[in-house]
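# Structural overview for review
Now for the letters of each chain:
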Protein chains: 4
Amino acid sequence: MSRKIRYGMIGGGRGAFIGGVHRIAASIDQQIELVCGAFSSDPQRSKDSGADFFLPAERCYANYEEMIRTEAALPADKRMDFVSIVTPNHLHFPAAKAALEAGFHVLSDKPATFNLAQAKELAGIVKATGKLYGVTYNYTGYPLMRQARQMIEEGKLGEIRKVVVEYPQGWLATMLENTGQKQAAWRVDPAICGAAGCMGDIGTHAINLAEYVTGLHIKELAADLTIFLAKEGRRLEDDGNVLLRFTNGAKGVLHSSQISIGCENNLSLRVYGSLGGIEWSQLDPNTMIVTSLDKPKQIYRTGLGYLGSAAGAATRTPSGHPEGYLEGFANIYRNFANHVRAVINGTTPNPLDMDYPTIEEGVAGMAFIEAVVASSANNAAWTPL
Amino acid sequence: MSRKIRYGMIGGGRGAFIGGVHRIAASIDQQIELVCGAFSSDPQRSKDSGADFFLPAERCYANYEEMIRTEAALPADKRMDFVSIVTPNHLHFPAAKAALEAGFHVLSDKPATFNLAQAKELAGIVKATGKLYGVTYNYTGYPLMRQARQMIEEGKLGEIRKVVVEYPQGWLATMLENTGQKQAAWRVDPAICGAAGCMGDIGTHAINLAEYVTGLHIKELAADLTIFLAKEGRRLEDDGNVLLRFTNGAKGVLHSSQISIGCENNLSLRVYGSLGGIEWSQLDPNTMIVTSLDKPKQIYRTGLGYLGSAAGAATRTPSGHPEGYLEGFANIYRNFANHVRAVINGTTPNPLDMDYPTIEEGVAGMAFIEAVVASSANNAAWTPL
Amino acid sequence: MSRKIRYGMIGGGRGAFIGGVHRIAASIDQQIELVCGAFSSDPQRSKDSGADFFLPAERCYANYEEMIRTEAALPADKRMDFVSIVTPNHLHFPAAKAALEAGFHVLSDKPATFNLAQAKELAGIVKATGKLYGVTYNYTGYPLMRQARQMIEEGKLGEIRKVVVEYPQGWLATMLENTGQKQAAWRVDPAICGAAGCMGDIGTHAINLAEYVTGLHIKELAADLTIFLAKEGRRLEDDGNVLLRFTNGAKGVLHSSQISIGCENNLSLRVYGSLGGIEWSQLDPNTMIVTSLDKPKQIYRTGLGYLGSAAGAATRTPSGHPEGYLEGFANIYRNFANHVRAVINGTTPNPLDMDYPTIEEGVAGMAFIEAVVASSANNAAWTPL
Amino acid sequence: MSRKIRYGMIGGGRGAFIGGVHRIAASIDQQIELVCGAFSSDPQRSKDSGADFFLPAERCYANYEEMIRTEAALPADKRMDFVSIVTPNHLHFPAAKAALEAGFHVLSDKPATFNLAQAKELAGIVKATGKLYGVTYNYTGYPLMRQARQMIEEGKLGEIRKVVVEYPQGWLATMLENTGQKQAAWRVDPAICGAAGCMGDIGTHAINLAEYVTGLHIKELAADLTIFLAKEGRRLEDDGNVLLRFTNGAKGVLHSSQISIGCENNLSLRVYGSLGGIEWSQLDPNTMIVTSLDKPKQIYRTGLGYLGSAAGAATRTPSGHPEGYLEGFANIYRNFANHVRAVINGTTPNPLDMDYPTIEEGVAGMAFIEAVVASSANNAAWTPL
């Protein structure tokens, strides 16, 4: 098959944030092509948005149902191969379900669904249809996070004991949602974003990254969530602190916030085992500190020859050329599209390409969200996952 | 009174760590003089240790009882003014009690006592004797921590919402206590150091600093302590994660560890209020990040003119001359000695000199230790302080 | 005009480095389309390289002359709009000349040409043909470098006094060129890369960035270049230190190296004026320190609201999503393509889009290279530019 | 000899800066005792200054001549052992000469003298009297600089190729000397501080450190010095850039400044050899980056077990307790005093104690100052040292 993989986008019209990120991520490697979209529930806005990327008007649909129906009817050599879902959370499930059942692969923004029940149902649909499903827990796409995972898999850090993962932000320290800021508005609306605010938007990224890197799973957690701007009218937590217990006996802490003024996307991960540790921050993603017993710390840097195969496959330039958020995100797209291509071609996918978050991580993310909400409602009682 | 303030030391003989720190802290400003000591329970070792500092043999005592008795009998112009206690924890209380009751002021290493009951008893003795008592929660001596406290007092950060305080170390990631390392040995022995390991040794520093800077008090906490080397025979926790609730409604996280390989004394503090935040790390103590709504972060640096009076009084050199742990520690000594001098002279102490941890902080530290231990024993149940 | 801007690439076949960077940079914003290429002097390699991006074989040419001739003969709605030149240095001039004279705009990798005489000739050709010409001094594409330029233009730093610009690398600390490493081989061959090694490859980037940000020009320089691996057979300098004097009286230092082991692309720029300064490092490109008289330093961060229009136009995501080398590079492509589009449409370009390096910077870069080489040959004598 | 080493201080009265630093440095280790001083040319100020440290009035002299004469006449068990000179530069030589010739050892602040001729004369006096002479190029006292020196001596970095040393400050970006700031006033007065401003005050520290760490000597240099505030009336350079050539063929750059706003004492040193490099900054003195061919960079930290004997001997606390400027300065004092003690005792000094700057470094510093001034006066001509 000598052509780009074709996708259609649901959501992501003018003024959206994450839709633009997905389109860049899809474009970087020049292996994926945007061929259609239902960018907005406003038909004209959908057309205008598509025109920004030179799509023909007839492939800029008024809604995802129309898009899926129409595309499914196109000849195989025109039809999109997969759907990218970048709507607010409450639409993730119906759009994914419709696409999968119409025979399209799906790559969805996170969280996978609006609630855990939907996620479990979606897992069944993925299994039943046999279509590919990915969810963009994109921080796992950073080369050094893949390096960390590989090192831990290989036992370089010994038995994992302690995990500290943080994701503080400060953008919601005031009632930004009352100022017409669209990104803020839907993220604080439980009817659109679901049972959790801060934890659903970013805490879930942090936990996904911690589990990805360590290969561990959370056994139970104790969460203390707070709505600091409750008096001002906010209804979902804008801060949370969580104790973590992992299945292997490791312990951890997660804290995440939207009211920590000055914090941007300060996702950071520290993991310590019986032989050493790793320390990484998303704001300087090409640097990872590696610690060992009785030796100087080492500074691992993206793009250098001493890194393993997983990091190497996730890097586009030699060391010294900072790669960032968009490239990490693009690694999810690249792997997913390569998997799609292998399926189309009937070939065995490259194992390195299989490294993207699937419905399994999607379900785990929803389980985490429901667990922190339940724990916090129960005065931080230990709650199993 | 035109002379140095005179002190005697209990503990701190050859091979000790914290005793040497106290002696340097006392010496830096050339206002305090070591005149005697009971440096070791081995009389010869006590004499040898004193000789290292050119003390006459007759003032190197075999035990603290002898020292207190003999010094008390000396004429006023020779007698020590205060006692510095730098023994392992289990001796803090009896030594402090004996000294206070013999009429000596006391500056003790932390924690104040072996357990909370002793601390409360000691508070009574301090009150009854009217002598000064200080406890070296030394991290409050850093100029920028005094700056942070002053800024928060002045309302620069608004209402405090979130506190993240950490103190990870890695030195006990293996059974160092089995290798003859004296510092490790007593710190893991519950008969000597008390009910907590990691939390008593360093977690208590972290909490003291958080309360000092914010002016807040912890209302309740939920602690999950772990002995990662329990199988190898360790009996006290070497790691702990704690959820914090402050009396004003602020929330927080404390995590502390002795098994986080590569961490030294990585004490750090982050505080966020409704108007801004501060971020500080002990490993780079002369830098503090100050955040504000919608403005660039600022880098506050020790020794610069825009700092307030509290930081200014705690600094010895202009900016660009890194001051460190020993100078911060010396700030506790300087303030305490200035207070002693004011008492001797019958003058009103400078309010800036009153900034050192007292028995109140000593009791609070012991209450914290007992609360984390109790909470953890109760599966991280919320435990009031 | 509702279509992507079309380009053909000269050079950049399989195994090349900078060609891939250009293709990503062109793709990120989905406004530019690769339609043809002369990727290699080996016709099969050119076809294979094009096939990696799904180009039809007939538009994968065996050499640039064929490409330019054939494309020029295509109908306007298929023909490429501009040429991207990513060959080694010695081919920049003939390729650019041929393209311009055939009516194509040109975006060339740096340095503009093999020597200064060619650069001046090329400037004449650009003028004569009226076609657009850009040269990818890509570090000017970083948002914070645009912010710095704007701040200096607006007088925020006062009169500029001191410039420190560095670009150390360590990759040529050994004779890598003897190991079959293709990138190393041509960069040390004076017949291919020109009169300078280190200074032509990276020193020229550093100087371009310093002049871009400050708006100043170098009046004269004194350069001390060294071939540290001369005994091993290297013929071009792998290190250089340069004193700089600017036309306004400012002074500066440039040092650049290929033998500073552990350095990657450690380009950094510091500029100090009478009112304040800026400090920036390419390895952490989303952070810039801004200094002012008697005030705390400030940390400017990409994507935040207090930045000016130039930085804003060069950013794709909100703060906290690290953008890097590829996005900065893409800013050059985006601006150039927007200018091309305006020319095609006959509209007035957005002034922000005019911010890309042109033949003027191309000539300046070659003049710098020849000046440092001449100065160093003359024992670091002051040499005018 | 069981007593502290006794010293008298020349200069350093109330309001001085460096005198206080010397006194702290002398006190930290409790092995040195201040017994007298000629703290000020104003006799009352001298007495008041001494009283701050509880000196008897009769040992607070009105001038250094009186002090040296009177002390020399005291019985051996009271007399000072050495003199510490902390006056402005123009008095260094006469005070040192007088002290040495009266039989006292001398530890002087830098630069050694007012000009090179004096330094050479002083070297003769040191030799003739057989007394010890040290000069407080204090940055060599940092543990990690001793580590770096040891590593280079042991060949760990291979043949040294490149040295980058900087010492920018910003405090004289305005005419601070006109505001009554005493530290500024004398440092810009050629009658008091000598032929150079910035280069004499701090550039000389930078060069001393570079030579100390590398073990190399400068063969020749080319300096471009500037008085940026010349129009405002300043008479000595406040900025300088210097090309360096070392005797072994290594090349380097020094830049130093007093007008780089926001810089404090930003002394930094980078050294690269054929096998690796070191990178260090005085503002974070307990961290040193060590680079090696093809391996991750390493972070060396003060106080850890993998450091060598030289660093170990220069450290007072375990890792994680930041030691700073005062402790580094104290290492010079400690070594000097230990050497004095060995001389008094007639014993062989510990080789590690011999590591302090002597008259040789004093002469080299003055030669550097005269060379940069001469070179700059000659339009940055290469000038031998």
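Residues numbered from 1 in each chain as written. Chains lettered and ligands numbered in written order. Predicted model: local features only at pLDDT ≥ 70, side-chain atom pairs only at ≥ 80, totals over all residues. Heavy atoms only, no water.

## Points about the overall build of chain A
Keep this limit in mind: Helical segments are the DSSP runs of H or I of at least four residues, strand segments are the runs of E of at least two, and each set is numbered from the N terminus. The globule rule is 2.2 Å times the number of residues to the power 0.38, and the radius of gyration it is compared with is taken over C-alpha atoms. The classification of residues rests on relative accessible area computed with a 1.4 Å probe and restricted to protein chains. Under 20% of the type maximum is buried, over 50% is exposed, and intermediate values are partly exposed. Here, residues are in contact when the closest pair of their heavy atoms is within 4.5 Å. With residues, only the protein chains shown are counted as cover, and all accessible areas are computed by Shrake-Rupley using a 1.4 Å probe.
When you go through chain A residue by residue, the secondary structure sums to 12 helices and 14 strands. Since a compact globule built from 385 residues should have a radius of gyration of about 21 Å, the 21 Å found for chain A is in line with a globular shape. For the C-alpha atoms alone, the extent of chain A along its principal axes is close to 65 × 55 × 40 Å. Counting the 385 residues in chain A, one finds 66% classified as buried. Summarising the internal contacts of chain A: among those between residues at least 6 apart in sequence, 69% fall at separations of at least 24. Carbon and sulfur atoms make up 53% of the accessible area of chain A, which amounts to about 12200 Å² in all.

## With respect to the sheet that holds strand β4 (residues 105-108) of chain B
All names here are of chain B. Our working rule: We treat two strands as partners when DSSP finds at least two bridges between them. Lines fitted to C-alpha atoms define the axes here, with helix axes fitted over just the stretch in contact, and angles between the N-to-C directions of these axes take values from 0 to 180 degrees.
Reading across the sheet, the 5 strands line up as β2-β1-β3-β4-β5 and stay open at both edges, with parallel pairing between neighbours. Strands at the two margins of the open sheet, each flanked by one partner only, are β2 (32-38) and β5 (133-135). Across the sheet, the mean angle separating the axes of adjacent strands is 25° when strand polarity is ignored. Contacting β1 (5-10), β2 and β3 (82-85), helix α1 (residues 18-27) runs over the sheet at an angle of about 175° to β1.

## As for empty space enclosed by the protein
Keep this limit in mind: Here a cavity denotes a set of grid points, spaced 1 Å apart and computed over the protein atoms alone, in which a 1.4 Å probe fits but from which it cannot get out, and a pocket denotes an open set meeting protein on both sides within 12 Å along at least five of seven lines; residues with an atom within 4 Å of a point are reported as lining. Grid points are joined across faces, edges and corners, and a volume is the space filled by probe spheres set on the points. In the scheme used here, Gly and all other residues not listed as nonpolar or charged are polar, with Ala, Val, Leu, Ile, Met, Phe, Trp, Tyr, Cys and Pro taken as nonpolar and Asp, Glu, Lys and Arg as charged.
Taken as a whole, this structure holds 18 cavities of 30 Å³ or more when the rule is applied. Its volume calculated, the second largest cavity comes out at about 100 Å³. Around the second largest cavity, the lining comprises 15 residues; the ones closest to its centre are A:Leu283, A:Pro285, C:Pro285, C:Asn286 and C:Pro322. Looking at the lining of the second largest cavity residue by residue, the classes come out as 6 nonpolar, 4 polar and 5 charged.

## What about the interface of chain C and chain B?
For clarity, the threshold we go by: Each reported salt bridge corresponds to a side-chain nitrogen of Lys or Arg within 4 Å of a carboxyl oxygen of Asp or Glu. A 3.5 Å cut-off defines polar contacts: any pair of N or O atoms within that distance qualifies, except that in protein one atom must be a possible hydrogen donor and the other a possible acceptor, and neighbouring residues in sequence count only when both atoms are side-chain atoms.
Contacts between the two partners involve 9 residues from chain C, matched on the other side by 9 residues from chain B. Inspection of the region where chain C meets chain B yields 0 salt bridges. Viewed at the interface, chain B and chain C are joined by 2 residue pairs in polar contact (both at pLDDT 80 or more). At 4 residues, the largest contribution of residues to the side of chain C that touches chain B is made by strand β13 (residues 297-301) of chain C. In the side of chain C that touches chain B, the residues fall into 5 nonpolar, 1 polar and 3 charged.

## What about helix α4 (residues 92-101) of chain A?
All names here are of chain A. For the record, the criterion: This arc describes the spread of directions from the helix axis toward the C-beta atoms.
His92, Phe93, Ala95, Ala96, Ala99 and Leu100 are the residues of α4 that are buried. End-on view of α4: buried residues confined to an arc of 165°, all on one side of the axis. Contacts made by the buried residues of α4 are with β1 (5-10), α3 (64-73), β3 (82-85), β4 (105-108), α5 (116-129) and β5 (133-135). The first or second residue beyond α4 is Gly103, which carries a positive phi of 95°.

## Looking at the side chain of A:Asn266
All names here are of chain A. Tracing the backbone through its elements, the reader meets Asn266 in the loop between β9 (251-257) and β10 (268-273). Using a relative accessible area of 15% as the deciding quantity, one classes Asn266 as buried. Polar contacts involving the side chain of Asn266 include one to the main-chain amide nitrogen of Glu264, which spans 2.9 Å. Sequence-distant contacts of Asn266, that is, excluding residues within four places in its chain, are made with Glu166, Tyr167, Pro168 and Leu283.

## Regarding the relation of the copies chain C and chain B
Rules: Copies are brought into register by a least-squares superposition over C-alpha atoms of residues with pLDDT of at least 70 in both.
Rotating chain C by 180° about the axis while translating it 0.0 Å along that axis superimposes it on chain B, leaving an RMSD of 0.0 Å. In the structure described here, the two chain copies are related by an operation that fits a two-fold rotation axis. Of the C-alpha atoms belonging to chain C, the one lying closest to the rotation axis is found on C:Gln298, 2.2 Å away. In this assembly, 100% of the residues forming the interface of chain C have copies in chain B that are likewise at the interface, indicating an isologous arrangement.

## So, the relation of the copies chain A and chain B
Mapping chain A onto chain B leaves a residual RMSD of 0.0 Å; the transformation is a rotation of 180° accompanied by 0.0 Å of translation along its axis. Here 100% of the contact residues of chain A are again contact residues in chain B; the copies associate through an equivalent surface.

## With respect to the pairing of strand β9 (residues 251-257) of chain B
Residue and element names in this part refer to chain B. Counting buried positions along β9 yields 7 of 7 residues, so the element is predominantly enclosed. Judged by which residues are buried, β9 turns out to be covered on both faces: Lys251, Val253, His255 and Ser257 on one side and Gly252, Leu254 and Ser256 on the other are all buried. Here 7 bridges tie strand β6 (residues 160-168) to β9, and the two strands are oriented parallel to one another. Of the residues in β9, the one forming a bridge with Pro168 is Ser257. Note: strand β8 (residues 239-246) against β9, 7 bridges, orientation antiparallel. From the neighbouring strand, Val242 faces β9, where its bridge partner is Leu254. Joining the antiparallel neighbours β8 and β9 is a turn of 4 residues, in which Gly249 adopts a positive phi near 100°.

## Describing the sheet that holds strand β5 (residues 133-135) of chain D
All names here are of chain D. What the 5 strands build is an open sheet, ordered β2-β1-β3-β4-β5; its pairing is parallel. The open sheet has two edge strands, β2 (32-38) and β5, and neither has a second partner. Ignoring which end each strand starts from, the neighbouring axes of this sheet average 25° apart. The strands touched by helix α1 (residues 18-27) are β1 (5-10), β2 and β3 (82-85); relative to β1, the strand with the most contacts, the crossing angle is about 175°.

## Some thoughts on the packing of aromatic side chains
Under the convention used in this document: Here is the rule: rings of Phe, Tyr and Trp (six-membered ring for Trp) pair when centre to centre is within 6.5 Å. Planes less than 30 degrees apart are stacked, more than 60 are edge-to-face, and the remainder are tilted. Charge-over-ring placement is defined geometrically: NZ (Lys) or CZ (Arg) within 6 Å of the ring centre, and within 35 degrees of the ring normal.
Within the structure shown, the criterion is met by 48 aromatic pairs over all chains. Where C:Phe336 meets C:Tyr356, the ring centres are 5.4 Å apart and the plane angle is 85°; that geometry is what we call edge-to-face. In this pair, C:Phe336 sits in helix α11 (residues 325-345) while C:Tyr356 sits in the loop between α11 and α12 (359-377), placing the two residues 20 residues apart along the sequence. Look at C:Tyr356 and you get buried, because its relative accessible area is 8%. Here the aromatic cluster, defined as three or more aromatic residues joined through ring pairs, consists of A:Tyr7, A:Phe82, A:Tyr139, A:Tyr142, A:Tyr167, A:Trp280, A:Tyr325, A:Phe329, A:Tyr333, A:Phe336 and A:Tyr356. In this arrangement the basic side chain of D:Arg149 is found over the ring face of D:Tyr212, its NZ or CZ atom lying 4.5 Å from the centre.

## Some details on the packing of helix α6 (residues 143-153) of chain D against helix α9 (residues 198-214) of chain D
Each pair of packed helices can be described by the angle between their axes along with the distance between the axes. Residues and elements named next belong to chain D. Worth spelling out the cut-off: For classification purposes, angles smaller than 35 degrees are called roughly parallel, those larger than 145 roughly antiparallel, those between 65 and 115 roughly perpendicular, and all remaining angles oblique.
The contact between α6 and α9 brings their axes to 7 Å, and the two run at 45°. As the angle between them shows, α6 and α9 are arranged oblique. Contact with α6, carried on its side by Met145, Arg146, Ala148, Arg149 and Ile152, involves Leu209, Tyr212, Val213 and Thr214 of α9 and no other residues of that element. Taken together, the residues that form the contact of α6 with α9 break down as 6 nonpolar, 1 polar and 2 charged.

## Here we look at the interface of chain A and chain B
We apply this condition: Values labelled buried area give the accessible surface lost by two parts on being combined, using a 1.4 Å probe and summing over both.
Facing the 45 residues of chain A at the interface are 45 residues of chain B. Contact between chain A and chain B buries roughly 3400 Å² in total, counting both sides, with carbon and sulfur atoms accounting for 54%. Taken together, the links from chain A to chain B amount to 8 salt bridges. Of the charged contacts in the structure, one is a salt bridge between A:Asp224 and B:Lys251, with a shortest N-O distance of 3.2 Å.

## Overview of the environment of C:Leu132
Residues and elements named next belong to chain C. Of note, Leu132 is situated in the loop between α5 (116-129) and β5 (133-135). Accessibility expressed as a relative area gives 11% for Leu132, which makes it buried. Once the C-alpha coordinates of Leu132 and Lys182 are considered, the two residues, 50 residues apart in sequence, prove to be 31 Å apart.

## Digging into the environment of A:Met288
All names here are of chain A. Mapped onto the fold, Met288 is located in strand β12 (residues 287-292). Between the C-alpha atom of Met288 and that of Thr302, which follows or precedes it by 14 residues, the distance is 8.6 Å. In contact with Met288, not counting residues within four places along its chain, are Leu144, Met145, Gln147, Ala148, Met151, Ile278, Glu279, Trp280, Gln298, Ile299 and Tyr300.

## Let's talk about the pairing of strand β12 (residues 287-292) of chain B
Residue and element names in this part refer to chain B. Here β12 lies mainly inside the structure; 5 of its 6 residues are buried. Here 5 bridges tie strand β11 (residues 276-281) to β12, and the two strands are oriented antiparallel to one another. Pairing of Glu279 across the sheet is with Ile289, part of β12. Linking β11 back to β12 in an antiparallel pair, the connection comprises 5 residues.

## A short note on the pattern of salt bridges
Residues and elements named next belong to chain B. Counted under the stated rule, the structure contains 88 salt bridges over all chains. Between Asp81 and Arg3 there is a salt bridge; the shortest N-O distance is 2.8 Å. Placement of Asp81 in the loop between α3 (64-73) and β3 and of Arg3 in the segment before β1 is noted, with a sequence separation of 78 residues between them. Under the relative-accessibility criterion, Arg3 is labelled partly exposed at 21%. Ionic pairing is found between Arg59 and Glu71, a salt bridge with its closest N-O pair at 2.8 Å.

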